[in-house]
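As a plain string of letters, each chain reads:
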Amino acid sequence: MEILNTALVDWSRAQFALTALYHWLFVPLTLGTSFIIAIMETIYVKTGKDIWKRITKFWMTLFAINFAIGVATGIILEFEFGTNWSNYSWFVGDIFGAPLAIEGIMAFFLESTFFAVMFFGWNKVSKGFHLTSTWLVAIGSNLSALWILVANAWMQNPVGMHFNPVTARNEMLDFWNILLSPTAINKFLHTISSSYVLSAIFVMGVSAWFLLKKRNLAFAKRSVIVAATFGLIMSVFTVITGDESAREVHRVQPMKFASLEGLYYGENNAPLAVFGIFDRTPSPYNPKAKEFAVKIEIPNLLSYLATFNPHAYIPGIHDLVHGNDAHGIISYYDRIKMGKIAIDALKEFQLARKAANDSVANASLKTFEENYKYFGYGYYNDPHKLIPDVPLVFYSFHTMVGLGFYFILLFIFGIIYAIKDKLTKHRWFLYFALWTIPFAWIASEAGWMVNEFGRQPWVVQDYMPTLSAVSNINQSSVIITFFLFLVTFTALLIAEIRIMLKQINGHKDGGTK
Amino acid sequence: MFEKLSYLGLQEYWWAIIALLGGILVFMLFVQGGQTLLHRLGKNETEVKMLVNSLGRKWDLTFTTLVVFGGASFASFPLFYSTSFGGAYWVWMIILFAFIIQAVSYEYRSKLNNFLGKKTYDAFLFINGLVATIFLGTAVATFFTGSFFHINSMHHSFWDTSWGGLGLALDFARYATYVNLSLGLAVFFLSRTLASMYFINNIDDKVVAERSHQAIIKNAIPFLVFFLFFLFNVIFMKGFNYDPKTMVVNLESFKYWHNLMDMPVVFILLLLGIVLVLWGIFRGYFFFEKCGRKAIWFTGLGTVITVFSLFLTIGYNHTSFYPSVTSLQSSLSIQNASSSKYTLIAMSYVSLMIPFVLAYIWYAWSAMNKKRITRKEMEEDPHTY
């Protein structure tokens, strides 16, 4: 099972990261603007005021430009599991494939069918049918997010399955357990609510630009009201779901949790690192090194947030690698031993089964099952290779959280100024709103970096390391496709941004009714 | 409900769903076929715009059908998914790139400041139409002629030739390559035939309709030549049979013909599909004034049924649907490549949504196509591609 060509693994990872990060530039905007448009069109249908129709149509045009490139970058992700991660596809395809298929049947058709009605149907179908189509596009895109996030959550917290030694793969035991696992629920809610925040910042920022240019004033003010209100509600929701997600990470991925807080040594009354700069790249080989040059902490808060007990013990990276008897933590050294026992037992089982030697087969199966919990660890010899890139995870996490709280502040000002009709008088706010747009994407991508780099080296937590998941293909093929994707997606991104800017710049709506 | 089905019954049920998706996908490839006809049927900007907008309201459905085909294969037959996609790397990458460049082209082609220029996006549409149809058809033909891979005891697949599967379409020293390409080209010309019919159905314009009318026959003839060549070979070729008890794979002469004889319903479906395709072409061309607009439905339905029955021919009756010519015993069947029984049952409940999905697609399609595309609409409506 083990792939020794680490360059192939790295290029495959790089390609997946590249395609996923590019895809994610467009998805959150689709997820959020679809609802914002649906809300705007609902106001139009309810009030009958033409300005709301024009507002809806303008944001719909931007939505469509973004939607197209989201689709373009999305198709590859669906097939990349097969092309570049074929061993993964067999090892867990019995579980992982289902959400992808459901995503297609339940969500993609809904999205694609009603997108055409929403975009081209203004003069072809009734008002009610058009509004329904707009809502169905919003529901469809968010449903697609549900299923792919369920799939991702399962990789982080593999529940509802068992290993079938005959077929040498994991098989589904409980569909509902997979769908409703706390990791899946939190991941879905946190991701979509943060995407709504991003969309709200986009709508608010573009509207702020109109206000700065003293153009489309009535249009822009109304857009700010909808976006800031939607954004604030969703920001609060993002904080709540993020908090819950972190507790789940603490429970099922303690190494990731320690990494995102840069916690090397476990402690009771663990403080929360609000801010920190690493002194040097912390090395587990140099445990006495000073990890942070600067660090601002809030005492006890990490223990409290993770467990609701301010005095609780939170394990650090060192404890996980070397074990901690006092707190019942099995060391990575021991897990590696048990993983190797499981791997050998599986081989023995298969040989014995082939030779029809039932007694040996049964004995090895028993050994395998006793140690399967740490199966994936058996592919490693050095436990330090089981530690993710701590500074990268730490910085990504703190960037995401810091920006999230800044967005809340921005939305509050937006609502206050919009209600008092003083938006144009506070130009500083308008500049902030405008220049916050790229930071919404930085926060969103940082979130995915926390999620994906933080769980390394696992593709399926504890069971399958990334190095054994790749396809057995030619490394040069992957290098070529990596650069092809880089060039293609970059060209399409440039096209998208230029078209959007032109659309925004050329938009004229002087009306107030 | 599905719990009562046997494991094999569930595998057959899911293969039928894959077959249905395959049939719908080939029908929906009329979008791709139409993309290769844009500047043949449209001689000025308004005419091209009508054609682009006609297809532009449907391209996403074709795209989605391909994605669902992939997703359903992954969920129901993961060993096929991992073997084919991971092995024939370049075949699938070329297909995927062809779809990536398509997805933005409709939306961006006529937008100001679009960076690459309208001609580039139209070229993307042409490339997508050409490459996607030929490569998808060629890839499906390998279900009959076989590929080069082996699978080890841990079910990891290894491709046995270099160039990531491109040999299946480019190794002209093999006779099978010609059979593979014949289906690819048949799909290409069929998609153009269907597109011509769709334009007649959806665009209210005499000039475009007359050019499309002529395009029906120009594409139907090469389609028939390539398709009959493929069908002739399939009927007479050795096929990949396996013993349902021992699962040992062997080559059997006239296997696919035997399958059609063993499964008369499938044989009747195949004949019905072919007759409907031909009927649509015949009526659409020779009775253009009276039946031109309806031809798409006959040929379209015929396409779905023909592809559906061809898929059943290679999936049922203990046949390896994804055979290996380099390692016969590594050949994949619906029995050895499938998901577990539990997963198939769970997915089968999800499949109950499919009729509902088809119903709302039909409803939205009818609502949108009630008013046909006209020159006037293209000139007045700001929401056009």
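Refer to the preceding data block for the structure.
What counts, and where the lines are drawn
Throughout this document, residue positions are counted from 1 along each chain, in the order its sequence is written. Chains carry letters from A onward and ligands carry numbers from 1 onward, assigned in written order. Only residues with pLDDT of 70 or above have their local features reported here, since the model is predicted, and side-chain atom pairs are shown and tallied only from 80 upward, although totals for entire chains, interfaces and linings are computed over all residues. To get the side-chain values, all heavy atoms of the structure are used, and hydrogens and water are removed first. By definition, any uninterrupted DSSP run of H or I lasting at least four residues is a helix, any uninterrupted run of E lasting at least two residues is a strand, and each is numbered from the N terminus. The atom set for the radius of gyration is the C-alpha atoms, and the globule formula is 2.2 Å times the number of residues raised to the power 0.38. The buried label applies to any residue whose accessible area, calculated with a 1.4 Å probe on protein chains only, is under 20% of its type's maximum; exposed applies above 50%, and partly exposed to all values in between. By the convention used here, residues are in contact when the closest approach between their heavy atoms is within 4.5 Å. Only the protein chains shown count as cover for residues, with accessible areas throughout obtained via the Shrake-Rupley method and a probe of 1.4 Å. In summary, the charge assignment counts Lys and Arg as positive and Asp and Glu as negative, without counting His or the chain termini. For this purpose, a charge sits on NZ of Lys, CZ of Arg, CG of Asp or CD of Glu. Comment: axis = line fitted to C-alpha atoms, over the contacting stretch for helices; angle = value between 0 and 180 degrees taken between N-to-C directions. For classification purposes, an angle smaller than 35 degrees is called roughly parallel, one larger than 145 roughly antiparallel, one from 65 to 115 roughly perpendicular, and anything else oblique. Gly is put with the polar residues, along with every residue not named as nonpolar or charged; the nonpolar set is Ala, Val, Leu, Ile, Met, Phe, Trp, Tyr, Cys and Pro, and the charged set is Asp, Glu, Lys and Arg. Distance and chemistry together define a polar contact, namely a pair of N or O atoms within 3.5 Å, with one atom able to donate a hydrogen and the other to accept it when in protein, and with adjacent residues in sequence counting only for side-chain atoms on both sides. Only one rule defines a salt bridge in this text: a Lys or Arg side-chain nitrogen within 4 Å of an Asp or Glu carboxyl oxygen. What counts as a ring pair is set by centres within 6.5 Å for rings of Phe, Tyr and Trp (its six-membered ring), and what kind of pair is set by the plane angle: stacked under 30 degrees, edge-to-face over 60, tilted for all other angles. Each ring is checked for a lysine NZ or an arginine CZ that lies within 6 Å of its centre and within 35 degrees of its normal; such an atom marks a charge sitting over the ring. Crossing handedness: left-handed means the near helix sits turned counterclockwise from the far one by under a right angle, and right-handed means the same turn made clockwise. Strands are treated as partners if at least two bridges between them are detected by DSSP.

Chemist: Requested: an account of the overall build of chain B, with residues and values cited.
Modeler: Secondary structure summary: chain B contains 18 helices and four strands in total. Relative to the globule expectation of 21 Å for 385 residues, the C-alpha radius of gyration of chain B, 21 Å, shows essentially globular dimensions. Projected onto its principal axes, the C-alpha coordinates of chain B cover approximately 65 × 45 × 45 Å. Every one of the 385 residues in chain B was classed for burial, and the buried ones make up 66%. Expressed as a percentage of contacts within chain B between residues at least 6 apart in sequence, the contacts between residues at least 24 apart total 77%. As displayed, chain B offers around 14000 Å² of accessible surface, 70% of which is attributable to carbon and sulfur atoms. Between the averaged position of the 28 positive side-chain charges in chain B and that of its 20 negative side-chain charges there is a distance of 5 Å.

Chemist: Please set out the packing of helix α7 (residues 217-252) of chain A against helix α8 (residues 254-261) of chain A residue by residue, giving values where relevant.
Modeler: Residues and elements named next belong to chain A. At a minimum axis separation of 5 Å, α7 and α8 run at an interaxial angle of 125°. With respect to α8, the element α7 is oriented oblique. Residues Ala 246, Val 249, His 250, Arg 251 and Val 252 of α7 form the contact with α8, whose own contacting residues are Pro 254, Lys 256 and Phe 257. The class makeup of the residues in the contact of α7 with α8 is five nonpolar, one polar and two charged.

Chemist: Which residues make up the environment of Thr 113 of chain A, and what values do they have?
Modeler: Mapped onto the fold, Thr 113 of chain A is located in helix α3 (residues 86-120). Of the residues examined, Thr 113 of chain A reaches a relative accessible area of 6% and is grouped as buried. Along the backbone, Thr 113 of chain A and Ser 133 of chain A are 20 residues apart, and their C-alpha atoms lie at a distance of 8.7 Å. The residues contacting Thr 113 of chain A, other than those within four sequence positions of it, are Leu 61, Tyr 360, Ile 361 and Ala 364 of chain B. A polar atom in the side chain of Thr 113 of chain A sits 2.6 Å from the backbone oxygen of Phe 109 of chain A.

Chemist: Describe the interface of chain A and chain B, listing the residues and the values that go with them.
Modeler: Taken together, the contact between chain A and chain B spans 82 residues of the former and 72 residues of the latter. Counting across the interface, chain A meets chain B through one salt bridge. With its nearest N and O atoms 3.6 Å apart, the salt bridge here joins Lys 124 of chain A to Glu 377 of chain B. Joining chain A to chain B, the criterion identifies 21 residue pairs in polar contact (both at pLDDT 80 or more). With 26 residues, the single largest contributor to the side of chain A that touches chain B is α3 of chain A.

Chemist: Run through the environment of Phe 63 of chain A, naming residues and quoting values.
Modeler: Residue and element names in this part refer to chain A. Along the polypeptide, Phe 63 turns up in helix α2 (residues 50-83). Using a relative accessible area of 2% as the deciding quantity, one classes Phe 63 as buried. Residues Phe 63 and Leu 486, spaced 423 residues apart in sequence, show a C-alpha to C-alpha distance of 23 Å. Setting aside residues no more than four positions away along its own chain, Phe 63 makes contact with Thr 30, Thr 33, Ser 34, Ile 37, Phe 115, Met 118 and Val 137.

Chemist: Lay out unusual backbone geometry with the relevant residues and their values.
Modeler: Residues and elements named next belong to chain A. In the segment running from Gln 456 into Pro 457, the intervening peptide bond is cis, with an omega of 10°. Mapped onto the fold, Pro 457 is located in the loop between α15 (437-454) and β7 (458-460). Within the chain, Asn 216 stands out as a residue other than glycine whose phi angle is a positive 50°. Not every positive phi belongs to a glycine, and Asp 421 is a case in point at roughly 55°. Along the chain, the position of Asp 421 falls in the loop between α13 (390-419) and α14 (427-435). Looking at Asp 421, the relative accessible area reads 45%, which means it is partly exposed.

Chemist: Give me the lowdown on the packing of aromatic side chains, citing residues and values where you can.
Modeler: Using the criterion set out here, one finds 111 aromatic pairs over all chains in the structure. Geometrically, the ring pair formed by Phe 356 of chain B and Tyr 360 of chain B is edge-to-face, given 5.6 Å between the ring centres and 75° between the ring planes. Linking Phe 356 of chain B with Tyr 360 of chain B, this pair stays in helix α17 (residues 354-369), spanning four residues, or about one helical turn. Judged by its relative accessible area of 56%, Phe 356 of chain B is exposed. Among the aromatic residues, those joined into a cluster by ring pairs are Phe 63, Phe 67, Phe 115, Phe 119 and Phe 120 of chain A together with Trp 59, Phe 63, Phe 99, Tyr 106 and Tyr 385 of chain B. Here the guanidinium or amino end of Lys 58 of chain B rests over the ring plane of Trp 365 of chain B, the centre of that ring lying 4.5 Å away. The cationic tip of Arg 283 of chain B hangs over the ring face of Phe 287 of chain B; the distance from NZ or CZ to the ring centre is 4.6 Å.

Chemist: I'd like to hear about the packing of helix α1 (residues 7-28) of chain B against helix α5 (residues 59-76) of chain B, residue by residue, with values.
Modeler: Residue and element names in this part refer to chain B. Packing of α1 against α5 brings their axes to within 9 Å, and their N-to-C directions diverge by 160°. Between α1 and α5, the angle falls in the class roughly antiparallel. The two elements α1 and α5 meet at a crossing, and its hand is left-handed. In this structure, α1 uses Trp 14, Ile 18, Leu 21, Gly 22, Ile 24, Leu 25 and Met 28 to contact α5, whose residues at the interface are Leu 61, Thr 62, Thr 65, Leu 66, Val 68, Phe 69, Ala 72, Ser 73 and Ser 76. Of the residues contributing to the contact of α1 with α5, the split by class is 11 nonpolar, five polar and no charged.

Chemist: Break down the pairing of strand β1 (residues 161-164) of chain A for me, citing the residues and quoting the values.
Modeler: All names here are of chain A. Relative to strand β2 (residues 169-172), β1 is paired through four bridges, and the arrangement is antiparallel. Note on β2: the bridge partner recorded for His 162 is Glu 171. Counting the residues that bridge the hairpin from β1 to β2 gives four residues, and of these Ala 168 lies at a positive phi of roughly 55°.

Chemist: Account for the pattern of salt bridges, with residues named and values stated.
Modeler: This model, assessed by the stated rule, comprises 20 salt bridges over all chains. In this structure, the salt-bridge partner of Arg 251 of chain A is Glu 248 of chain A, at a minimum N-O distance of 2.9 Å. Of this pair, Arg 251 of chain A and Glu 248 of chain A both sit in helix α7, three residues apart, which is roughly one turn of the helix. Judged by relative accessible area, Glu 248 of chain A falls into the buried class, the value being 10%. The partner of Asp 205 of chain B in a salt bridge is Arg 375 of chain B, with the nearest N and O atoms 2.4 Å apart. In this pair, Asp 205 of chain B sits in the loop between α10 (175-202) and α11 (206-236) while Arg 375 of chain B sits in helix α18 (residues 375-380), placing the two residues 170 residues apart along the sequence. For Asp 205 of chain B, a relative accessible area of 10% puts it in the buried group. For Arg 375 of chain B, a relative accessible area of 25% puts it in the partly exposed group. A network of salt bridges, in which partner residues are shared, links Glu 47, Asp 205, Arg 211 and Arg 375 of chain B.

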